[in-house]
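Coordinate analysis (summary)
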Amino acid sequence: MTLADHMNARVKALAPSDILEFNKEIAGIDGIVKLTLGEPDFFTPEHVKQAGIRAIQDNHSHYTESRGMPGLRKAAADYLHAKYGLDYDPDTQMVITAGATGGIFSGLTAMINPGDTVILPTPIFPLYIPIAQLSGAKTVFVDTSDDGFILRPDKLEAAIENSDGPFKALVLNYPTNPTGVTYAREDLEALAQVARKHGFFVLSDEIYAELTYQGTHVSMGTILPEQTVVLGGVSKSHAMTGWRVGIAAGPADVIDQISKVNEFTITSVTTNAQYAAQEALTKGMNDTDPMREAYRKRRDYLVKALPEVGLDVIDPKGAFYIFARLPEGMRDSWSFVYDLARKAKVAVIPGASFGPGGEGYVRISYAASMEDLHTAVERIGDYMLAQNRG
C-alpha cells in the first residue's frame, strides 16, 4: 500500500479526459491538421490585451473581491442585459469564476449532495460528468440523437421518473458542444414547464451564446430565472480562453452558495485578467462580429463539402463544431479517428467521447483556418475513397 492508495476514491475512479489524451497522442504526427480542441484560432482583441497590460503596469496585482471586481460584475450585468435581456444585480446575483469551467465546478459542487441525480442530455461536452461525480452525484444520460439533438420534455420527464435518488439538477449547454445545435424559445419553455413542476436547478452553460448564426440566442435565464444559473464568459466571444474569466449568474441565495465554493477554490480570478474582461464587456461589445462571420463562412463550406466526401452532417446553428455522421461500416468512431489521423493526417474527435448518441459520429472543430479546412476535406475525401476501394 502507498499513500496514493488512500486518496479520494471518487478522484481515483475518474479517468483522464480521452479527448486530451487523444490530442496528445496524435500531436507528434508530422503535418497533421488538427480539428480537435474547441478553442478560437483568433487572437484576443488588441484593446483588450492592452487593458490587461495596463493593469499590470498600474500595479493591480492584489486580490480582488472573491466574487470579482465590482466594475467587472457591473460590466457583465450590463452586457448580459444588452445582449440577451437578462436582469441580474451585479452585487448579489453574480460571481466571476475561473472560466465557465470554474462556474460548472462551483455551481454543481454547491448544488449537489451525495446521492443526488443530475441529468445530462447527450451527446454533451464530457467535462460535466466527472465534476458531477466528484460531488457524489448519480449521472443520468438522456440520448437526444433521435430528436435532432434537442432534449424533449417527455424524455426529461421519463428520466426524472426513472432516476435513482433525489433529482437535483439538469445541465444544459447551448449552442451545444459537440453538435452545434441550439435551443429555440419554444424548446426552452417546454423544458421550463417540467422544471417548475419538479423544482430542480437548471445549470445553463451558454458560453457559445455569441456564436449563434441564425436568429438571436435565447437564454434560459429569461424564461426560468428563479431556478436557473446561467454560465457565460469571454473565452469564446472574445478569444480569451487562456485568460480564464467566466460569469455565473442566478438567484441571489443560490449565488451566495456558489460564491463560497468559488472563494474556497480560487480565492479570486487573476486580477489583470479581470481588467481585460471588463474592457471586453464594455468597449468590446461587437468584437465577436468579425469572428462570427468567419466561423459562419467556414461552417457553410463544411456543411456543403463534407457530404460530398461521404460524411453526412447536421446543420449547426451555433458554436464552431460540425457533428458528422460516419458511413455504415465505419461507425466505430474511435477506430475511425485513429485511422484517419495515421493515414490521412487529419485529427477529429470521436463522437463516442460525448456520451450516448455520439457513437457513429465525429466532432470536427472549424476553429481553424479556411486553408486547413480545405486541406482536411481533401485528405478526408482521399481517405474515404481508399476505404471504399478496400
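Residues numbered from 1 in each chain as written. Predicted model: local features only at pLDDT ≥ 70, side-chain atom pairs only at ≥ 80, totals over all residues. Heavy atoms only, no water.

The name given to the protein in an unreviewed UniProt entry is Aminotransferase, with the source organism recorded as Bifidobacterium choladohabitans. Recorded under Sequence similarities (unreviewed entry), the UniProt text for the protein is reproduced unchanged: "Belongs to the class-I pyridoxal-phosphate-dependent aminotransferase family." According to the UniProt record, the Cofactor (unreviewed entry) comment for the protein reads "pyridoxal 5'-phosphate". (UniProt positions renumbered as here; feature names shortened; annotations may be inferred.)

1. Here's the deal with the sheet that holds strand β10 (residues 321–325)
The strands making up a sheet associate through hydrogen bonds between their backbones, and the pairing can be parallel or antiparallel. Reading across the sheet, the four strands line up as β9-β10-β13-β12 and stay open at both edges, with antiparallel pairing between neighbours. Lying at the two open borders of the sheet, with one neighbouring strand each, are β9 (312–313) and β12 (349–350). Sheet topology note: the β12/strand β13 (residues 361–365) ladder contains two bridges and is antiparallel. By the bridge assignment for β13, proline 350 is matched with valine 362. (Pairing = 2+ DSSP bridges. Helix = DSSP H or I, 4+ residues; strand = E, 2+ residues; numbered from the N terminus.)

2. Side note on the UniProt feature "domain: Aminotransferase class I/classII large" (unreviewed entry) in the protein
Here, UniProt's "domain: Aminotransferase class I/classII large" (unreviewed entry) annotation points to residues 32–380. Taken end to end, residues 32–380 is 42% helix and 16% strand, and its first and last C-alpha atoms sit 12 Å apart.

3. A look at the side chain of serine 268
Here serine 268 shows up in the loop between α10 (252–266) and α11 (271–283). Residue class for serine 268 comes out buried when judged on its relative accessible area of 13%. The residues contacting serine 268, other than those within four sequence positions of it, are Tyr63, Thr64, Glu65 and Ser66. (Buried < 20%, exposed > 50% of the residue type's maximum accessible area, 1.4 Å probe, protein only. Contact = heavy atoms within 4.5 Å.)

4. Remarks on the pairing of strand β5 (residues 167–173)
Counted residue by residue, β5 has seven buried out of seven residues, so it is predominantly covered. The parallel pair β5 and strand β6 (residues 201–205) is bridged by helix α8 (residues 185–198), and the resulting crossover is right-handed. (Right-handed = clockwise from strand over helix to strand, strands pointing away.)

5. Regarding the packing of aromatic side chains
A complete count under the given rule lists 16 aromatic pairs for this structure. Residues phenylalanine 323 and tyrosine 361 carry aromatic rings whose centres are separated by 4.8 Å and whose planes lie at 5 degrees to one another, so their mutual orientation is stacked. With phenylalanine 323 in strand β10 and tyrosine 361 in strand β13, this residue pair connects regions lying 38 residues apart in the sequence. With relative accessibility at 1%, the residue phenylalanine 323 sits in the buried group. In this structure tyrosine 361 comes out as buried when scored by relative accessible area, which is 10%. Linked through ring pairs, Phe42, Tyr208, Tyr295, Phe320 and Tyr321 together constitute an aromatic cluster. (Phe/Tyr/Trp six-rings, centres within 6.5 Å; stacked < 30°, edge-to-face > 60°.)

6. A short note on α11
Residue pairs three or four apart in sequence face the same way in an α-helix, which turns once every 3.6 residues. An ideal rise of 1.5 Å per residue puts 18 Å on 13 residues; α11 measures up with 18 Å between its terminal C-alpha atoms. Those residues of α11 that are buried are in contact with α3 (46–57), α4 (70–84) and β8 (246–249). (Expected span 1.5 Å × (residues − 1).)

7. Brief notes about the sheet that holds strand β2 (residues 94–97)
Ordered in space as β2-β8-β7-β6-β5-β3-β4, the seven strands form an open sheet in which the pairing is mixed. The sheet is open, and its two borders are formed by β2 and β4 (138–143), each paired with just one other strand. Each neighbouring strand pair of the sheet contributes to a mean axis angle of 20 degrees, computed without reference to strand direction. Those strands touched by helix α7 (residues 153–161) are β3 (117–122), β4 and β5, and its axis lies near 150 degrees from that of β4. (Axes fitted to C-alpha atoms, helices over the stretch in contact; angles between N-to-C directions.)

8. Considering the environment of valine 362
By the secondary structure assignment, valine 362 is in strand β13. Considered as a pair, valine 362 and lysine 260 are 102 residues apart in the sequence and their alpha carbons are 38 Å apart. If we skip the residues at most four places from it in the chain, valine 362 touches Ile322, Phe323, Ala324, Leu326, Phe336, Val337, Val348, Ile349, Pro350 and Gly351.

9. Points about the nonpolar core
By size, the foremost hydrophobic cluster in this structure holds 76 residues, and its most contacted members are Leu172, Met220 and Ile364. Not counting chain neighbours up to four residues away, the residues in contact with leucine 172 comprise Pro121, Leu151, Tyr183, Leu188, Leu191, Val202, Leu203, Ser204, Asp205 and Met220. Ranked by size, the runner-up nonpolar core spans 26 residues in total, among them Val48, Ala209, Ala273 and Ala280. (Core = buried A, V, L, I, M, F, W, Y, C linked by side-chain atoms within 4.5 Å.)

10. Brief notes about the pairing of β8
Along β8, one buried face is formed by Gly246 and Ala248 and the opposite face, lined by Ile247 and Ala249, is buried too. When strand β7 (residues 228–233) meets β8, the two strands line up antiparallel, connected through four bridges. Each residue of the ladder has a partner; that of valine 230, found in β8, is alanine 249.

11. Focus: the environment of serine 219
With respect to the helices and strands, serine 219 occurs in the loop between β6 and α9 (220–223). The class of serine 219 is buried, set by a relative accessible area of 1%. In contact with serine 219, not counting residues within four places along its chain, are Tyr84, Leu86, Tyr174, Leu188, Glu206 and Val230. A polar contact is formed between the side chain of serine 219 and the side chain of glutamate 206, at a distance of 2.9 Å. (Polar contact = N/O pair within 3.5 Å; in protein donor to acceptor, adjacent residues only side chain to side chain.)

12. Topic: the pattern of salt bridges
Two side chains with opposite charge may pair up if their charged atoms get near one another. Applying the stated rule across the entire model yields 21 salt bridges. Residues glutamate 226 and arginine 196 are paired through a salt bridge, measuring 3.6 Å at the closest nitrogen-oxygen approach. Remark: arginine 196 occurs in helix α8 and glutamate 226 occurs in the loop between α9 and β7; sequence separation between them is 30 residues. Residue arginine 196 is classed as partly exposed on the basis of its relative accessible area, which comes to 42%. Taken together, the shared-partner salt bridges in this structure form one network comprising Lys83, Glu210, Asp289 and Arg292. (Salt bridge = Lys/Arg side-chain N within 4 Å of Asp/Glu carboxyl O.)

13. Re the packing of α4 against α11
The interhelical angle for the contact between α4 and α11, taken along N-to-C directions, is 30 degrees, at an axis separation of 9 Å. Relative to α11, the element α4 lies roughly parallel. The hand of the α4/α11 crossing is left-handed. On the side of α4, the interface is formed by Gly71, Leu72, Ala75, Ala76 and Tyr79, while α11 contributes Gln274, Ala277, Gln278, Leu281 and Thr282. (Parallel < 35°, antiparallel > 145°, perpendicular 65-115°, else oblique. Left-handed = near helix turned anticlockwise from the far one by under 90°.)

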